[in-house]
Amino acid sequence: MGRVIMQYIGVGWRALATVIDTGLLAIVAYVIAWLGGTTTEAGFELRGGPFFLMTLIMLAYYITLEGLFGSTVGKMILGLRVVKLDGSAISWRASVVRNLLRFVDGIVFYLVGAILIWTSPQRQRLGDRLAETVIIR
């Protein structure tokens with residue numbers, strides 16, 4: 001039996017998946033703002049408790065979907081998934097680690113993550129490196 005070759009995914013496809021996920025999360029954020037009465041004609045604002053709630057929802061979204069299915073909605077639409085380095089299913093621990101580090105990777109519109117992906121043979125951002133995961137098609 002031959003070894004399976006994984007196609008590692010770079011910045012472009014990952015960014016598109018993130019845009020899709022961010023769009024879905026923005027809808028949730030708007031609902032929270034609407035319920036809190038902080039919407040305006042120009043948009044909405046989340047501060048204090050609502051901001052904290054939205055941060056928890058965002059983390060739960062990424063951790064739960066990747067922990068259960070190996071993909072967020074954005075990744076599913078694009079046919080991408082997160083796996084361990086050996087190609088096996090991602091663990092809950094790995095999902096938590098890679099997504100908590102999303103805050104570091106996301107600095108300056110994910111520039112930190114992009115630089116790490118561009119310099120990694122396996123296209124890993126910091127969260128992937130520490131969680132020992134990769135994104136594949």
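The structure displayed is predicted, hence computed values, not measured ones. All residue numbers here refer to positions counted from 1 along the written sequence of the relevant chain. Given that the model is predicted, a residue must reach a pLDDT of at least 70 before its local features are reported, and side-chain atom pairs must reach 80 or more before they are shown or counted; all residues, however, enter totals for whole chains, interfaces and linings. No hydrogens and no water enter the side-chain calculation; it runs on all heavy atoms of the structure.

Draft legend 1. Focus on the pattern of salt bridges. By convention in these notes, a salt bridge is any Lys or Arg side-chain nitrogen within 4 Å of a carboxyl oxygen on Asp or Glu. Scanning all chains against the criterion turns up 7 salt bridges. Two residues, Lys75 and Glu66, come together in a salt bridge whose shortest N-O distance is 2.8 Å. Only protein chains enter the accessibility calculation, which uses a 1.4 Å probe. A residue is then buried if its area is under 20% of the maximum for its type, exposed if over 50%, and partly exposed in between. With a relative accessible area of 0%, Glu66 lands in the buried category. The salt bridge involving Glu66 is made with Arg102; its shortest N-O contact spans 4.0 Å. Of the two residues, Glu66 is situated in helix α2 (residues 48–69) and Arg102 in helix α5 (residues 102–105); the sequence distance between them amounts to 36 residues. Each of the two residues, Glu66 as well as Arg102, counts as buried. Secondary structure elements follow DSSP: runs of H or I no shorter than four residues count as helices, runs of E no shorter than two count as strands, and numbering proceeds from the N terminus.

Draft legend 2. Quick look at the packing of helix α1 (residues 11–36) against helix α6 (residues 107–118). Only the stretch in contact is used when fitting a helix axis, every axis being a line fitted to C-alpha atoms; angles between N-to-C directions are given from 0 to 180 degrees. α6 packs onto α1 with a crossing angle of 150° between their chain directions and a minimal axis gap of 10 Å. By the angle between their directions, the pair α1 and α6 is classed as roughly antiparallel. Judged by the sense of rotation from one axis to the other, the crossing of α1 with α6 is right-handed. Contacts from Val11, Arg14 and Thr18 in α1 reach Tyr110, Ala114, Ile117 and Trp118 in α6. Side-chain classes are defined by residue name, with Ala, Val, Leu, Ile, Met, Phe, Trp, Tyr, Cys and Pro counting as nonpolar, Asp, Glu, Lys and Arg as charged, and the others, Gly among them, as polar. Residue composition of the contact of α1 with α6, grouped by class: 5 nonpolar, 1 polar and 1 charged. Each angle receives one of four descriptions, namely roughly parallel if under 35 degrees, roughly antiparallel if over 145, roughly perpendicular if within 65 to 115, and oblique otherwise. Note: crossing handedness is left-handed where the near helix turns anticlockwise from the far helix by less than a right angle, and right-handed where it turns clockwise. Only heavy atoms matter for contacts: two residues are in contact if any of them lie within 4.5 Å across the pair.

Draft legend 3. Just unusual backbone geometry, in detail. Residues other than glycine seldom take positive phi values, yet Phe109 does so here, at roughly 55°. In this structure, Tyr110 takes a positive phi of about 65° despite not being glycine. On the secondary structure map, Tyr110 appears in helix α6.

Draft legend 4. Local environment of the layout of surface pockets. Think of a 1 Å grid over the protein atoms and nothing else: a 1.4 Å probe that fits but is trapped marks a cavity, an open set flanked by protein within 12 Å on at least five of seven lines marks a pocket, and residues with an atom within 4 Å of a point count as lining. Grid points are joined across faces, edges and corners, and a volume is the space filled by probe spheres set on the points. The computed volume of the largest pocket comes to approximately 400 Å³. Taken together, 16 residues form the lining of the largest pocket, with Thr22, Leu25, Met54, Thr55 and Met58 sitting closest to its centre. Residue classes in the lining of the largest pocket are distributed as 11 nonpolar, 4 polar and 1 charged. In this structure, the second largest pocket occupies an estimated 260 Å³ of space. Taken together, 16 residues form the lining of the second largest pocket, with Arg14, Ala15, Thr18, Tyr110 and Ile117 sitting closest to its centre. Counting residues per element, the ones that place at least two in the lining of the second largest pocket are α1 and α6. A per-class count over the lining of the second largest pocket returns 8 nonpolar, 2 polar and 6 charged.

Draft legend 5. Broad picture of the side chain of Arg98. Note on placement: Arg98 falls in helix α4 (residues 92–100). With residues up to four places along the chain from it excluded, the contact list for Arg98 reads Arg14, Glu66, Val82, Ile90, Arg125, Gly127, Asp128, Ala131, Thr133 and Ile135.

Draft legend 6. Here's a closer look at the environment of Tyr110. Overall, the relative accessible area of 29% leaves Tyr110 in the partly exposed class. Residues Tyr110 and Ala15, 95 residues apart in the sequence, show an inter-C-alpha distance of 8.8 Å. Residues contacting Tyr110, with those up to four places away along its chain left out, are Thr18, Arg102 and Asp105.

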